[in-house]
Each structure stands twice: as C-alpha cells, then as structure tokens.
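# Residue-level structural notes
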Amino acid sequence: KAEQLKQNLSSVTREKIFVELLHGKNPPTVLENPKLTNPFEFLLNMYSLPKYYEIDPTILMFIAFPLFFGFMLGDVGYGIVTFGLMLLLERKLPKEIKPLLKIITLASLASIGFGFVFGEFFGYEFIEHPLLNRVHDINTMMLVAVAVGIVHVNLGFVLGFINELKHHSFLNAFMRKISWIVLQIGVAILGYGYLQAIQSLQIIGGIVALVSILMIIKGEGLLRIVEVPALLSNILSYMRLYAIGLASVSLAAVFNEMAAGLFIKGGFSIVIGIAVLLSGHFINLLLGLLGPFLHSLRL
C-alpha cells in the first residue's frame, strides 16, 4: 500500500512533500487473503509470518488443514455435532477466538465428507460397502496416508524453491530444494529395482540418489546430509492421519458394543446403556477434536 500512501500524502500536502520508498532487506509483512481463507491466518500467527518476499501459505493451509482434520475424525455423526457446536459457540465467544471456530467449522464439514467415504456414523458402519474401511483396509489406508505425506512434503520443497529463486540463481535454488525431490526419485527407483530384482534400475537409482546428495551438499552444505534420514521419517509421520482415525473409530466401536450389551438386558440397564453411550461418545469427541487439531497443525 506504499504507493497509495504516497499519493494520499501528496494530495493532503498539495504535493509539497517528497516521499522516498525504502523497502530494506526485511520489510514488514501484512497478510491479505479472501474472507473465506482469512481465518487461517490465525494458525499462521501461531508459528511465524512469512517474510515479505516469501509465498503466503494461508491458502494452502485453508486446503490442507481441514482435509487432514477430516481424514482423522472422519465420522458423519461427530462432524455434525462439531459443526453445530462451533456455530453455537461462535455467537457467544469473543471475536478474537472466532477465526479458530471458523477453522474447525470448515474442518467439521470435511469430517462429514470423509465420514461418507469411510461409511461411519458415531462408529457405526452405516454404509455396507464404503469407499474405504478404516478398520479392515489397513494397508490401503496406510498407503493413502504415506502418499499424502509425499505430496505435502514435496509441495513444501517446491514452494521453498520458488522462495529461493527470488534471491538466488535458478541453479542455486534447484540444488537447495529440488535436489531433495531428486533424492526421493532416486531412492524410489533403487527400491523398485531391488523389489523386482532389476539390476539396471538399481544402478540408475543409486546414481540418481548419489548425484542428489552431492547437489544437496553443494547447495546447502555438508551438515545438511544429517537430515537425509529425517526426510523418510517426516514422510512416514503422515501415517498418524490413519493411526489417530483408527483409534477414534475403535474407541467409538467399544462404547457402542458396551451400550448394546446393556440394551439387551433391558430394564434399568437401558438407562445405564444410554449414559455409557452419551458419555463415551462425548469423551471420544473431545479426543477427536484435540488430536486431529494438534496433529493437523503440526503437519
């Protein structure tokens, strides 16, 4: 808004003022985002603002955070309750906390959407053949979570490359960031070669991986090599997307089974069963809000 300020000052002083714009190395940052994505600046402020010349990741958080949250909670019933609760609290809590409520409101919609994908309603499988079953499709769910991790981590490298490109040459930015993507490609080729017993692919993969490591050393220094194993652990850490969701649906199923056993007995046991059902799902919902929120934020 510097040019606008300059024009306003000139107008007020009838052009009797000279304004020189000095950006400096680290000018201050002001985030400007559409109304829908603006609440996610709240999450960004919990870490740190991007520098003036860096990409504003708010729009990316607007996309990724609700999807991560929804994937973990992933229950139509819990999503509906959370959505209604956020709408109710929004009218009563101070405006400083409202961005957080709007974030969870959007995340609740994502939870409802994933609930239909998983076919879950308060832990019950209300769809006979869901697109994905979190209890039985273990290998598929783990692969999906890892695939999300690969995409998300490499998106970070691409954004880092764009940021670096603004201050360094293309070659330098490439060796600093894209070299990590090349490393993953090399390891993937090498791994596939071993699995299929194809020696040529093993050689190619090994060469690509070695070249990428040399690029990392050239771009970021020798000490960065210690972070190569961390790259794998960072990607595998996305399996928490599945693990937390599996824990949630398993706990819900336990409460449902306990209540069902009491309902069968009849009489006063039905009242106890209702109490178990309500209290159990309330506890699970609280855990379902806390866990997915913290881990989505961390990812």
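Below or above, wherever it landed, is the structure these notes cover. Computed from a prediction, not measured in an experiment: that's the story for all the values here.

Looking now at the overall build of the chain. Within the chain, the secondary structure is distributed over 11 helices and two strands. Written out in order from the N terminus, the α and β elements of the chain read α-α-α-α-α-β-β-α-α-α-α-α-α. For the chain, whose C-alpha radius of gyration is 25 Å, the value lies well above the compact-globule estimate of 19 Å for 299 residues. The principal-axis extents of the C-alpha atoms in the chain amount to approximately 85 × 70 × 30 Å. Taken across its 299 residues, the chain has 37% of its residues classed as buried. Contacts in the chain between residues far apart in sequence, at least 24 positions, make up 65% of those at least 6 positions apart. Surface accessibility of the chain: about 17,800 Å² in total, with carbon and sulfur atoms responsible for 70%. Across the chain, the 21 positively charged side chains and the 18 negatively charged ones have centroids separated by 8 Å.

Attention now moves to the layout of surface pockets. One number sums up the size of the largest pocket: a volume of about 1,400 Å³. As for the largest pocket, its lining consists of 43 residues, of which H152, V153, G156, Y238 and L299 are closest to the centre. Those elements giving two or more residues to the lining of the largest pocket turn out to be α2 (41-47), α3 (58-73), α6 (138-165), α7 (170-196), α9 (228-236), α10 (240-265) and α11 (268-298). Residue classes in the lining of the largest pocket are distributed as 28 nonpolar, eight polar and seven charged. Roughly 420 Å³ of internal volume is contained in the second largest pocket. Along its surface, the second largest pocket is lined by 13 residues, and K1, A2, H23, P28 and Y52 are the ones closest to its centre. A class-by-class count of the residues in the lining of the second largest pocket yields eight nonpolar, two polar and three charged.

The subject of this paragraph is unusual backbone geometry. Phi at E15 is positive, roughly 60°, even though this residue is not glycine. With respect to the helices, strands and loops of the structure, E15 is situated in the loop between α1 (2-12) and α2. A positive phi angle is found at F122, which is not glycine, with a value near 50°. As for its placement among the helices and strands, F122 is situated in the loop between β1 (120-121) and β2 (124-125).

Looking now at the environment of Y52. By the element assignment, Y52 lies in the loop between α2 and α3. Separated by 32 residues in sequence, Y52 and G84 place their C-alpha atoms 38 Å apart. Non-local contacts of Y52, meaning those with residues more than four positions away in its chain, are made with H23, P27, P28 and T29.

Helix α5 (residues 98-118) packs onto α3 with a crossing angle of 50° between their chain directions and a minimal axis gap of 7 Å. Between α3 and α5, the angle is such that the two are oblique. In the crossing of α3 with α5, the sense of the turn from one axis to the other is right-handed. Residues F62, F65, P66, L67, F69, G70, F71 and L73 of α3 touch α5, and the partners they reach there are I103, L106, A107, A110, S111, F114 and F118. For the contact of α3 with α5, the per-class residue count stands at 13 nonpolar, two polar and no charged.

Attention now goes to the environment of V148. Relative to the assigned elements, V148 resides in helix α6. Ignoring any residue separated from it by four or fewer positions in sequence, one finds V148 in contact with F68, Y238 and L241.

On to the pattern of salt bridges. According to the stated counting rule, one finds two salt bridges in the structure shown. Close ionic contact of E120 with R134 constitutes a salt bridge, the shortest N to O distance being 2.7 Å. Separated by 14 residues along the polypeptide, E120 in strand β1 and R134 in the loop between β2 and α6 bring together distant segments of the chain. Linking E164 and R176 is a salt bridge whose minimum nitrogen-to-oxygen distance equals 3.9 Å.

Cut-offs and rules
Residues numbered from 1 in each chain as written. Predicted model: local features only at pLDDT ≥ 70, side-chain atom pairs only at ≥ 80, totals over all residues. Heavy atoms only, no water. Helix = DSSP H or I, 4+ residues; strand = E, 2+ residues; numbered from the N terminus. Rg over C-alpha atoms; globule rule 2.2 N^0.38 Å. Buried < 20%, exposed > 50% of the residue type's maximum accessible area, 1.4 Å probe, protein only. Contact = heavy atoms within 4.5 Å. Areas by Shrake-Rupley, 256 points an atom, 1.4 Å probe, with all protein chains shown as cover. Lys, Arg positive; Asp, Glu negative; His and termini not counted. Charge placed at Lys NZ, Arg CZ, Asp CG, Glu CD. 1 Å grid on protein atoms, 1.4 Å probe; cavity = no way out; pocket = protein on both sides within 12 Å on 5 of 7 lines; lining within 4 Å. Points joined across faces, edges and corners; volume = space filled by probe spheres on them. Nonpolar A, V, L, I, M, F, W, Y, C, P; charged D, E, K, R; others polar. Axes fitted to C-alpha atoms, helices over the stretch in contact; angles between N-to-C directions. Parallel < 35°, antiparallel > 145°, perpendicular 65-115°, else oblique. Left-handed = near helix turned anticlockwise from the far one by under 90°. Salt bridge = Lys/Arg side-chain N within 4 Å of Asp/Glu carboxyl O.

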